[in-house]
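A structural walkthrough
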Amino acid sequence: MTLGEWDIPFNRAVYFLLFAQPNEINLPEYIIIREIRLPRFLSSAGAGGILAAAGAILQGLLSNSMAEPYTLGIASGAAFGASVGILSGEFFALTGAFFGAISALIFVFLISFNGGREKIILSGIIVNAFLSAGVTFIKSIAGEKLNGIILWLMGSFAGSNLNTALNIWIGALIILISGLIFSSSLDAMSLGNDYAKILGINEELTRAILLITSSMSVALVVSSFGIISFVGLVIPHLARILIGASHKNLIIYSFMLGSCLLSFADGIAQIFGELPAGVLTALTGGPFFCWLLMKK
């Protein structure tokens, strides 16, 4: 929070965070630290934690190391909804993105009804492809609103405030609590071969609850800040290397690592003059994941 287009000394940042006086609330440093950078830090930390924890949960739930929050079409649904909202008027972008993400999840459930894990992933790929084509079509007819759609799709925390940060951390609590409650079931389900059923675990109910809570939390992130890629894919793999595959620890460590990574990435983005955080995570996440695969 000390770095950006206007650097603020560390001791001044701590002072305005913890000890500022009522007569100082109109000072530029106070406004930058308390009203701009603090909400932005809280939002990026919560969003990174949600995406990483959701990735860890989905990879165990679907027994697929390539699963991530966007596998189920949530990102493309939010992108389509936001694009329609921006086309209708900037006010509708957030609402459109959230309902687009949830609608995409519903379509995935309908297509994969009574199917296994592979069918869920394939359904997500189908929905992703269809909605991505829809976004391309909307961009082709957007006219002067094209720039707004493109900027939203890049993913940025520039518009963060305390309300959005609060919403994100509510989503973070939901995904953490649900993930930890079902962590033992995830350990069994990640083994495949019906081990969970042998142990008396209701796979369908567990899968439905975790898919809904994970997707709702991710939908909050995507609808608020746009597409932030690779966090949900890379971080769980890194956490497994560090602490192993037990989901009770994996979900917590993934959340912490995701929070650190995305808040750090957004800090770097501010230093370079509002470079979208989603672009930065994509540029660094892709090569890093390739390195992980080669080392593995």
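Residues numbered from 1 in each chain as written. Predicted model: local features only at pLDDT ≥ 70, side-chain atom pairs only at ≥ 80, totals over all residues. Heavy atoms only, no water.

1. Side note on unusual backbone geometry
- Its identity as a non-glycine residue notwithstanding, Ser63 has a phi of 50°, on the positive side.
- When you line up the elements, Ser63 lands in the loop between α2 (28-61) and α3 (74-88).
- Residue Ser63 is classed as partly exposed on the basis of its relative accessible area of 35%.
- Located in the positive-phi region is Phe230, a residue other than glycine, with phi close to 75°.
- With respect to the secondary-structure elements, Phe230 resides in the loop between α10 (203-225) and α11 (231-243). (Helix = DSSP H or I, 4+ residues; strand = E, 2+ residues; numbered from the N terminus. Buried < 20%, exposed > 50% of the residue type's maximum accessible area, 1.4 Å probe, protein only.)

2. Here we look at the nonpolar core
- Counting residues in each nonpolar core, the largest one holds 61 residues, and the members touching the most others are Tyr70, Leu72, Trp152 and Val218.
- In terms of residue count, the dominant contributor to this core is α2 (nine residues).
- Setting aside residues no more than four positions away along its own chain, Val218 makes contact with Ile50, Leu51, Ala54, Pro69, Tyr70 and Ile74.
- Listed in part, the six residues of the second largest apolar core include Ile8, Ala13, Phe16 and Tyr30. (Core = buried A, V, L, I, M, F, W, Y, C linked by side-chain atoms within 4.5 Å. Contact = heavy atoms within 4.5 Å.)

3. Comments concerning the pattern of salt bridges
- Counted according to the given criterion, the structure contains three salt bridges.
- For Glu29, the salt bridge is made with Arg12, and the minimal N-O distance between the two is 2.7 Å. Of the two residues, Glu29 is situated in helix α2 and Arg12 in helix α1 (residues 10-18); the sequence distance between them amounts to 17 residues.
- Judged by relative accessible area, Arg12 falls into the partly exposed class, the value being 32%.
- A salt bridge links Arg207 to Glu203; the nearest nitrogen and oxygen atoms lie 3.2 Å apart. Residue Arg207 and its partner Glu203 are located together in helix α10, separated by four residues, close to a single helical turn.
- For Arg207, a relative accessible area of 9% gives the class buried.
- Of the residues examined, Glu203 reaches a relative accessible area of 4% and is grouped as buried. (Salt bridge = Lys/Arg side-chain N within 4 Å of Asp/Glu carboxyl O.)

4. Considering the environment of Asp187
- Tracing the sequence through the fold places Asp187 in helix α8 (residues 183-189).
- C-alpha separation for the pair Asp187 and Ile201, spaced 14 residues apart in sequence, amounts to 11 Å.
- When sequence neighbours within four positions are dropped, the list of residues in contact with Asp187 reads Ala245, Ser246 and His247.

5. Considering the packing of α11 against helix α12 (residues 247-271)
- It is at 9 Å that the axes of α11 and α12 come closest, and there the two elements cross at 125°. The angle between α11 and α12 places the two elements in the oblique class. Along this stretch, α11 crosses α12, giving a crossing that reads as right-handed. Contacts between α11 and α12 involve Val231, Ile235, Pro236, Ala239, Arg240, Leu242 and Ile243 from the former and Asn249, Leu250, Tyr253, Ser254, Leu257, Gly258, Leu261 and Leu262 from the latter.
- Classifying every residue of the contact of α11 with α12 by side-chain character gives eleven nonpolar, three polar and one charged. (Axes fitted to C-alpha atoms, helices over the stretch in contact; angles between N-to-C directions. Parallel < 35°, antiparallel > 145°, perpendicular 65-115°, else oblique. Left-handed = near helix turned anticlockwise from the far one by under 90°. Nonpolar A, V, L, I, M, F, W, Y, C, P; charged D, E, K, R; others polar.)

6. Describing the packing of helix α7 (residues 162-181) against α12
- At their nearest, the axes of α7 and α12 sit 9 Å apart, and the two run at 160° to each other. Taken together, α7 and α12 sit at an angle that is classed as roughly antiparallel. Two packed elements cross with a definite hand, and for α7 against α12 that hand is right-handed. Two secondary-structure elements touch here, α7 through Trp169, Ala172, Leu176, Gly179 and Leu180 and α12 through Lys248, Ile251, Ile252 and Phe255.

7. A short note on the packing of aromatic side chains
- For the structure on display, the rule yields six aromatic pairs.
- Between Tyr15 and Phe16, the ring centres sit 5.3 Å apart and the planes meet at 75°, which makes this aromatic pair edge-to-face.
- Ring centres 6.0 Å apart and planes at 85° place the aromatic pair Phe98 and Phe99 in the edge-to-face group.
- Note on Phe99: relative accessible area 54%, which makes it exposed.
- Three or more aromatic residues joined by ring pairs make a cluster, and in this case those are Tyr15, Phe16 and Tyr30. (Phe/Tyr/Trp six-rings, centres within 6.5 Å; stacked < 30°, edge-to-face > 60°.)

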